[in-house]
Each structure stands twice: as structure tokens, then as C-alpha cells.
Amino acid sequence: MNSHLTITLAGKDHPQLINQLAAKTHELGGKWLVSKISRLDQQLVGIIKVEIPDTFAEKLESEFNKLSDFYVNIVKSDQPQAFVKIEHITLKVESSDRPGIVNDITNILHDIGINIDRIENHRIGVPDLGKTLFFAELSIDVPSQTNLEQLIESVQQVEGDMRVEVVD
């Protein structure tokens, strides 16, 4: 039987690190099913979904935990998940900025059962207006039966002047 592991990692980047992780997984008979890895200021953060024979799951965990200057967390998940047809969409958000706006947007999405796949946001000061503007782009997974107009209206409730649109 095979185990499915979700591995999150963060720490100081060094040459060939991703290749070393992939090679160690392969040596133990595993394969990366899905991965998202990013570098930021000589740091590496990532999440990897691995399928590996049960007999080597603990060995892989041990090998990943040997990484110096790295935080590694591994969660085993062998239970099949129920199939729900989902769509991947991107929301573009523009608003006046204020403390807690990202928290409020993510809470709204969480409360209605929407998973965030990726979020990128930034702020721009506009001296002529005397305020800062907030911009975000969120890639989200929504069940196919989701009413997108209601979703947009829910997110727009976060801030009075917030504009939200679905982009291709």
C-alpha cells in the first residue's frame, strides 16, 4: 500500500535543494503528486503532496527532517476524499486599504467553504487621494454549483468601496 504525505517546508535555500528533495523521494520509491515551491529573499517555502510506499514513509520523513536550517512538517493522509467537482477561478480585488483587510477577505471565503489556492496582494500609496489602495488577486477553488454573483457580493461586503471581479 501507499501513503500520501503532505509536506510543508520552509528555511534557508541552498543550491540543488529542490533536486535533492525530489531525488530522495524517488530513491525511496515515491513520487511528487503536486508541489508548490517558492523562493523569497534566499528562503524557500513549499508544500509537496507525495505518494510513497508505506514501508518508506517514515524513512522519507526522517530524511527530510535532516535538512539543516529548515522547518519541515509532514502530515499523513491515507483516506480517500469525496469527489466534488470544482472550478478554479481568479478573483481580482481592489479597495481602500485598512488593517485586517486580508484577514476579513480570507475569513469570508473560509466561512462559505471556499479554498484559497494562491493569494498575492500589495498596497499603493496615493498621495493625491490621501490614502492607500489595496489590490489582491486570489486563485480559489469553488464547487461548480457556486453562484459567482453571490460569492462576489459576499467578498464586497468586507469594505464599502471594494470592487471584486472574476478574471480569466
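All values reported here derive from a predicted model rather than from experimental measurement. (Residues numbered from 1 in each chain as written. Predicted model: local features only at pLDDT ≥ 70, side-chain atom pairs only at ≥ 80, totals over all residues. Heavy atoms only, no water.)

A. View of the pairing of strand β7 (residues 131-143). Pairing of strand β5 (residues 86-96) with β7 involves 11 bridges; the strand directions are antiparallel. Residue H88 lies in a different strand from β7, and its bridge partner there is D141. Where strand β6 (residues 115-126) meets β7, 11 bridges bridge the pair, whose relative direction is antiparallel. Bridge assignment links N115 to a residue of β7, and that residue is D141. Counted between consecutive antiparallel strands, the loop separating β6 from β7 contains four residues, among which G130 sits at a positive phi close to 70 degrees. (Pairing = 2+ DSSP bridges. Helix = DSSP H or I, 4+ residues; strand = E, 2+ residues; numbered from the N terminus.)

B. Region of interest: the UniProt feature "domain: ACT" (unreviewed entry) in the chain. When the UniProt feature table is mapped to this numbering, "domain: ACT" (unreviewed entry) covers residues 90-168. Secondary structure over residues 90-168 splits into 25% helix and 47% strand, and the C-alpha atoms at its two ends are 7 Å apart. (UniProt positions renumbered as here; feature names shortened; annotations may be inferred.)

C. Quick peek at the side chain of S139. Structurally, S139 is set in strand β7. Excluding its chain neighbours within four sequence positions, the residues that come into contact with S139 are I89, T90, N115, I116, D117 and R118. (Contact = heavy atoms within 4.5 Å.)

D. Expanded view of the nonpolar core. Within the largest apolar cluster, 18 residues are counted, with the highest numbers of intra-cluster contacts made by I105 and I140. Put simply, the parts of the chain that give this core at least two residues each are β5, α3 (101-111), β7 and α4 (148-156). Apart from the residues lying within four places of it in its own chain, the contact partners of I105 are V93, F134, L138, V155, V158 and M162. Grouped together as the second largest cluster of nonpolar side chains are 17 residues, A57, F64, F70 and I74 included. (Core = buried A, V, L, I, M, F, W, Y, C linked by side-chain atoms within 4.5 Å. Buried < 20%, exposed > 50% of the residue type's maximum accessible area, 1.4 Å probe, protein only.)

E. Looking closely at the sheet that holds β7. The strand order across the open sheet formed by four strands is β6-β7-β5-β8, and the pairing between neighbours is antiparallel. Across the chains shown, the open sheet's two edge strands, defined by having one partner strand only, are β6 and β8 (163-167). Neighbouring strand axes in the sheet, compared pairwise and without regard to direction, differ in orientation by 20 degrees on average. By the bridge criterion, five bridges tie β5 to β8 in an arrangement that is antiparallel. Note on β8: the bridge partner recorded for T90 is V167. Its contacts with the sheet put α4 on β5, β7 and β8, and the angle it makes with β8 is roughly 145 degrees. (Axes fitted to C-alpha atoms, helices over the stretch in contact; angles between N-to-C directions.)

F. Geometry of unusual backbone geometry. The phi angle at D41 is positive, at roughly 50 degrees, despite the residue not being glycine. Locating D41 in the fold gives a position in the loop between β2 (31-40) and β3 (43-53). Unusually for a residue other than glycine, D69 sits at a positive phi of about 60 degrees.

G. Molecular detail of the pattern of salt bridges. Enumeration over the complete set of coordinates arrives at 13 salt bridges. Salt-bridge contacts for K59 lead to E63; the nearest nitrogen and oxygen are separated by 3.0 Å. In this pair, K59 and E63 both sit in helix α2 (residues 54-65), four residues apart, roughly one turn of the helix. Of the residues examined, E63 reaches a relative accessible area of 16% and is grouped as buried. Here the salt bridges do not stand alone but share partners, grouping K24, E27, K59, E63 and K66 into one network. (Salt bridge = Lys/Arg side-chain N within 4 Å of Asp/Glu carboxyl O.)

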